[in-house]
Amino acid sequence: MHALEGCPDLEYVLVAQEGVAMGMADGYARETGKPAFVNLHIETGLSNGLSLLVNAFAGGTPLVLTSVNSDMSKVAEGRTDLVDLTRPFTKWGAEVTHADHLSAVMRRAFRVAKTPPTGPTYVSIAQNALDESTSVSVSPSGELDTRISADAELVAAAARLLVEANHPVLLVGDRVAQYGAVDAAVAFAEQIGAEVYGASYPEMMFPTPHAQWVGLLPPYVPFYRDALAKADVVVAVGARVFHDFFRAATEVLPEGTKLIQLDIIQDEISRTEVADVGVWSDLGLGLTALRAAALERYTPEQETAVAGRVQRLSAAAADRRRASVAIPQSGSSDAPMPVRAMMSGIADALPQNAIVVDDSVSSRMDLHAAVSFDENRCVHAERAGGAIGWGMGAALGVSLGAPGRPVIAVVGDGSAMMTVQALWTAATYRIPIVYVICNNASYRVLKVNLKRWFGEVLGDPDTQSRYLGMDFTNPFNFASIARSFGVPAERVKDASEVAAAVRRALAVEGPALVDVVIDGGV
């Protein structure tokens, strides 16, 4: 910390809890596309950050995590193996015990973090190494073209399945956006006339106003089965196929449906559902090759059939838009406020160039029903992992990575309380974020999953529960909490006031918070 005083080109941003630091680094890396750097404090602080390191690892976020370890002379007294502590959730790790080794280790840590499949790395630095001097030069990790081209024979095999398809479906996942393949995915979908679903939506990986976008699929097997019931070919790109909270999501596809899987991560191919054709490739290069191979094989009759599918999908999209307009918008007078009414109010107030940080947890489907995302209005949501507490810190990193753009973080109350200390950092550094809290006074996602467990696992959907430990009998008042940190805030209970409150928060120079009281029922 003392040495940083002599490095004015490095900006040190202090947080008041390690989970905030991990979320912040994750958000910054996502927004900039470059590895983030986060420093925690010995084994105790490092342990506090582990839950969100799990998320970063599962989601492939490129970041370099460091902490100091005890002096090497303390072997007899006792030292924790910090590299081993982080090993399950990092791509690579090492401990530096001499100053001469630090440059090479840090260079490798950054190189490994940003090499596909990307992910976090960890460097432990022994205290004695920090007390040493070194004359070893410092070299950057440099750039390397890591794009893997698709195997031509596998592409041809996939194309043969595609041209015979009558109801193709494109299932896009995390890595479509992460590896810059959005445009290629759109062109591919249009070429084959496919319905498009999101296995997840952690970034803008397919423009949701597009006529062929059908929607985001919750990670539950029944939803997959219903959505894919008519599919004869499913093309899964950069997605986990398939995932369910309770059981291995196997036998999702109808009998006879073919699965083509394209991914940059070899281990994802045929991980649960066996792929008929599995292609290991850079996603953009693979989609482009697959599109070209299909185009070569289409007969005039098949091209006419594709045009007909696209026309039907466009008509269905227009019907969905008309139906959504008919839904009562943010003027709902119901109490407690329906989640959909809250999200409608947020949508009314969002600037076109806004970045939404989505940590809305069980309110996510309503957020996606109300808000559309494209190249102008973007989104960042937690990927895999399951640890809550991500969004409060992630919004800080996203805002620092995209200066000048409005950032609105929609965060569930349970998740927000995990890392509410982020408000201190936002206020201290005047980081312009609007936090909108989904305050349903509960861990509602646990209620939702318990209710599913009754029906899907026990086969008794009528089972009643008191939802022990899932309600906040003393609800959090986030407006008061925010004001105590110096963040302007207001509490909203009427749906007709949500949009105006968000607009007022957007006009604040610096951070602001809107605490929205909503229905927590299931």
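Every value quoted in this text rests on a predicted model; they were computed, and no experiment measured them. Throughout, residues of each chain are indexed from 1 in the direction in which the sequence is written. Only residues with pLDDT of at least 70 get local features here, since the model is predicted, and only at 80 or more are side-chain atom pairs given and counted; chain-wide, interface and lining totals rely on the full set of residues. Where side-chain values are given, they derive from all heavy atoms of the structure, hydrogens and water being excluded.

**Digging into the side chain of Arg309**
Inference 1: For the purposes of this entry, the term helix denotes a DSSP run of H or I that reaches at least four residues, the term strand denotes a run of E that reaches at least two, and both are numbered from the N terminus. Among the structural elements, Arg309 can be located in helix H12 (residues 300-326).
Inference 2: Summary of the burial criterion: residues with accessible area below 20% of their type's maximum are buried, those above 50% are exposed, and those between are partly exposed, where the area comes from a 1.4 Å probe applied to protein chains only. In this charge count, Lys and Arg are treated as positive and Asp and Glu as negative; neither His nor the chain ends contribute. Whenever a carboxyl oxygen of Asp or Glu lies within 4 Å of a side-chain nitrogen of Lys or Arg, that contact is scored as a salt bridge. Despite its burial, Arg309 pairs with no opposite charge, the nearest such side chain being Asp232 at 7.0 Å.
Inference 3: As used in this structure description, the phrase polar contact means that two N or O atoms lie within 3.5 Å; if the pair is within protein, one of them must be able to donate a hydrogen and the other to accept it, and residues adjacent in sequence are counted only when both atoms belong to side chains. Within the structure, the side chain of Arg309 is placed 3.2 Å from the backbone oxygen of Ala165, a separation counted as a polar contact.
Inference 4: A polar atom in the side chain of Arg309 sits 3.3 Å from the backbone oxygen of Gly193.

**Quick word on the pairing of strand S4 (residues 121-126)**
Inference 1: Burial within S4 is extensive, with six of its six residues counted as buried.
Inference 2: Because side chains alternate across S4, one face comprises the buried residues Thr121, Val123 and Ile125, and the other comprises Tyr122, Ser124 and Ala126, equally buried.
Inference 3: The rule for pairing is simple: two strands pair if DSSP sees at least two bridges between them. As defined by bridge partners, strand S2 (residues 63-69) adjoins S4 across six bridges and the pair is classed as parallel. From the neighbouring strand, Val64 faces S4, where its bridge partner is Thr121.
Inference 4: Where strand S3 (residues 92-96) lies against S4, five bridges are found, and the strand directions are parallel.

**Focus: helix H11 (residues 283-297)**
The α-helix advances 3.6 residues per turn, and as a result positions three or four apart in sequence lie on the same side.
Inference 1: To estimate how far a helix should extend, the number of its residues minus one is multiplied by 1.5 Å. Here H11 contains 15 residues, and its C-alpha end-to-end distance of 21 Å stays within 8% of the 21 Å for a straight helix at 1.5 Å per residue.
Inference 2: Residues of H11 that are buried include every one of Leu283, Gly284, Gly286, Leu287, Leu290, Ala293 and Ala294, and no others.
Inference 3: By definition, residues are in contact when any of their heavy atoms lie within 4.5 Å. Contact partners of the buried residues in H11: helix H7 (152-163), helix H8 (174-178), helix H9 (182-192), strand S8 (233-237) and strand S9 (258-263).
Inference 4: Capping of H11 at its N-terminal end is provided by Asp282; its side-chain oxygen lies 3.2 Å from the backbone amide nitrogen of Gly284.

**Some thoughts on the pattern of salt bridges**
Inference 1: Evaluation of the coordinates by the stated rule reveals 18 salt bridges.
Inference 2: Put simply, Arg175 and Asp263 hold a salt bridge, and the shortest N to O gap is 2.8 Å. One end of the pair, Arg175, is in helix H8; the other, Asp263, is in strand S9, with 88 residues separating them in the sequence.
Inference 3: Assessed through its relative accessible area of 9%, Arg175 is described here as buried.
Inference 4: Between Arg491 and Asp515 there is a salt bridge whose closest N-O contact spans 2.5 Å. One end of the pair, Arg491, is in strand S15 (residues 489-492); the other, Asp515, is in strand S16 (residues 512-517), with 24 residues separating them in the sequence.

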